[in-house]
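# Coordinates in review
One-letter residues, chain by chain:
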Amino acid sequence: MVIPDYQSVMLPLLKYAGDGKEHRIRNAVENLADEFRLSEEERKELLPSGQQAVFNNRVGWACTYLKKAGLLNSGRKGYFSITQKGLSVLRANPVSIDVNFLTQFNEFNEFRRGKQVETIELGKDQNETEQLDPGESLELSYQQLHNELVLEILSAVKKCSPTFFESLVVDVLTKMGYGGSRTDAGRAVGRSHDGGIDGIIKEDRLGLDVIYIQAKRWEGTVPRPEIQKFAGALIGKKAKKGVFITTSSFSREAIDYAELTGNIVLIDGEMLARLMIEYDVGVSKVKSYDVKKIDTDYFDDGLI
């Protein structure tokens with residue numbers, strides 16, 4: 001089954017709270033997951049950030065929207081209960097509850113007006129954004145920007161000179177903690193005859209172990225024979241581990257062979273670009289956003 005969107009969760013969540021008791025949001029997630037007959041994989045599926053399960057996130061936003069409409073009430077941290085208005089809605093026996101249904105409540109319209117302004121400024125279609133909860137919309141936009149940046153970086157890397165490519169790879173490796181100092185890594189890694197780089201770098205700053213590194217700017221897919229030659233070269237370099245970097249991609253056979261060796265890591269063009277983003281090589285920060293939520297513990301002492 002497809003994981004239901006947050007609007008599809010609204011009515012089942014309100015019904016769950018219909019007994020008038022205070023409920024824990026965690027228990028509601030488990031109960032609704034059973035009701036929707038979600039598989040174990042669907043329950044564990046994560047948002048792009050990897051920090052929260054998709055279904056947990058959607059139940060949370062359904063709860064938030066119902067609270068904004070005055071149908072649910074915030075209790076202790078992580079708990080909620082139904083309001084008299086919510087009970088009245090259940091007595092009317094609606095077929096479903098979605099954003100359009102909630103527009104009959106003034107407090108929800110006040111909340112939504114602010115949200116619509118943000119949507120217009122972002123230039124997005126309102127119908128599209130309503131299918132995702134605000135958290136998912138933010139993550140989706142971030143992923144789109146991230147993926148576009150990956151393509152831009154990869155295009156730039158393929159156009160750079162062999163000298164610059166050598167410097168770029170050394171920068172990434174040292175930012176990741178390999179190669180000792182930037183100077184040490186730069187001396188250890190040299191350009192190969194085919195316009196790539198070839199060398200041995202320290203795995204840590206003390207040089208207790210070494211890694212053999214090759215990096216090549218390929219146009220086509222890197223085949224298995226190239227990785228087999230690289231594996232053989234490891235022995236000659238007296239290195240136990242190897243990293244093969246390319247600006248293109250690896251064939252399925254090449255990937256399988258590297259996994260079989262157990263000591264070779266393959267980094268294709270996309271992964272190289274993503275590592276550059278992660279370790280701030282060739283990119284600069286434009287804006288950052290902190291997503292915050294209310295700290296209900298802070299207000300506990302002030303409750304009347």
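Residues numbered from 1 in each chain as written. Predicted model: local features only at pLDDT ≥ 70, side-chain atom pairs only at ≥ 80, totals over all residues. Heavy atoms only, no water.

### Quick look at the packing of aromatic side chains
Overall, the coordinates contain eight aromatic pairs when judged by the stated rule. For the ring pair Phe36 and Phe55, a centre distance of 6.2 Å and an interplane angle of 75 degrees mean the geometry is edge-to-face. Residue Phe36 is found in the loop between helix H2 (25–35) and helix H3 (40–44), and its partner Phe55 is found in helix H4 (residues 54–68); the two are separated by 19 residues along the sequence. As far as the burial class goes, Phe36 and Phe55 line up, both buried. Geometrically, the ring pair formed by Tyr65 and Phe108 is tilted, given 5.8 Å between the ring centres and 55 degrees between the ring planes. (Phe/Tyr/Trp six-rings, centres within 6.5 Å; stacked < 30°, edge-to-face > 60°. Helix = DSSP H or I, 4+ residues; strand = E, 2+ residues; numbered from the N terminus. Buried < 20%, exposed > 50% of the residue type's maximum accessible area, 1.4 Å probe, protein only.)

### Section: H4
Taking 1.5 Å as the rise per residue, H4 with 15 residues should run 21 Å; its terminal C-alpha atoms sit 21 Å apart, in good agreement. When H4 is considered as a whole, its buried residues turn out to be Val54, Phe55, Asn57, Arg58, Val59, Ala62, Cys63, Tyr65 and Leu66. Where H4 terminates, the next one or two residues include Gly70, which has phi positive at roughly 80 degrees. (Expected span 1.5 Å × (residues − 1).)

### Notes on the environment of Tyr257
Here Tyr257 shows up in helix H13 (residues 252–261). On the accessibility criterion, Tyr257 (17% relative accessible area) is buried.

### Points about the pattern of salt bridges
Per the counting criterion, the structure on display carries seven salt bridges. Residues Lys85 and Glu107 are paired through a salt bridge, measuring 2.5 Å at the closest nitrogen-oxygen approach. With Lys85 in helix H5 (residues 84–91) and Glu107 in helix H7 (residues 106–122), this pair connects stretches of sequence that are 22 residues apart. Of the residues examined, Lys85 reaches a relative accessible area of 30% and is grouped as partly exposed. When its relative accessible area of 35% is taken as the criterion, Glu107 is described as partly exposed. Close ionic contact of Glu226 with Lys229 constitutes a salt bridge, the shortest N to O distance being 3.2 Å. (Salt bridge = Lys/Arg side-chain N within 4 Å of Asp/Glu carboxyl O.)

### So, the environment of Glu42
Among the secondary structure elements, Glu42 is positioned in helix H3. Separated by 40 residues in sequence, Glu42 and Val2 have C-alpha atoms that sit 8.0 Å apart.

### Side note on the sheet that holds strand E3 (residues 79–82)
Paired through their backbone hydrogen bonds, the strands of a sheet run either parallel or antiparallel. As summarised here, the arrangement of the three strands in space is E1-E3-E2, forming an open sheet in which the pairing is antiparallel. Whereas interior strands pair on both sides, the edge strands pair on one side only; in this sheet they are strand E1 (23–24) and strand E2 (72–74). Pairing between E1 and E3: two bridges, direction antiparallel. What sits directly across from His23, in E3, is Phe80. Along the sheet, helix H1 (residues 6–16) makes contact with E1, E2 and E3, crossing E3 at roughly 85 degrees. (Pairing = 2+ DSSP bridges. Contact = heavy atoms within 4.5 Å. Axes fitted to C-alpha atoms, helices over the stretch in contact; angles between N-to-C directions.)

### Some words on the pairing of strand E8 (residues 241–246)
If a strand is regular, its side chains alternate between the two faces of the sheet. Counted residue by residue, E8 has five buried out of six residues, so it is predominantly covered. Pairing geometry for strand E6 (residues 210–216) and E8, over six bridges, is parallel. In the sheet register, Ile213 faces E8, and the bridge partner there is Val243. Sheet analysis places E8 next to strand E10 (residues 264–267), joined by four bridges and oriented parallel. Bridge pairing in E10 links Val243 to Val265.

### Observations concerning the confidence of the model for the protein
In the predicted model, the protein carries a mean pLDDT of 81, and the fraction of residues at 70 or more is 83%. The lowest-confidence element of the protein is helix H8 (residues 126–130), averaging 44 in pLDDT; the highest-confidence one is H5, averaging 96. Within the model, the stretch residues 116–130 combines pLDDT values under 50 with 15 contacts to residues more than four positions away or in other chains. Here residues 193–197 is modelled with pLDDT under 50, and outside its nearest four sequence neighbours on either side it reaches 17 contacts, counting other chains as well. (pLDDT = per-residue confidence, 0-100.)

### Topic: the nonpolar core
Core analysis: the biggest nonpolar cluster contains 34 residues, and Leu13, Phe55, Leu66, Leu72 and Leu102 have the highest contact counts within it. Every residue in contact with Phe55, bar those within four places of it in the chain, is listed here: Ile3, Pro4, Val9, Val29, Leu32, Ala33, Phe36 and Leu38. With 22 residues, the next largest nonpolar core counts Phe165, Leu168, Ile213 and Val243 among its residues. (Core = buried A, V, L, I, M, F, W, Y, C linked by side-chain atoms within 4.5 Å.)

### Re H13
Among the residues of H13, those classed as buried are Ala254, Tyr257 and Ala258. Buried positions in H13, seen along its axis, are confined to an arc of 100 degrees and lie on one side of it. The outward face of H13, more than 90 degrees from its buried face, is lined by the exposed residues Glu259 and Leu260. As for H13, its buried residues are in contact with strand E7 (221–222), helix H12 (224–236), strand E9 (249–250) and E10. Two residues or fewer past H13, Gly262 is found with a positive phi of approximately 80 degrees. (Arc of directions from axis to C-beta.)

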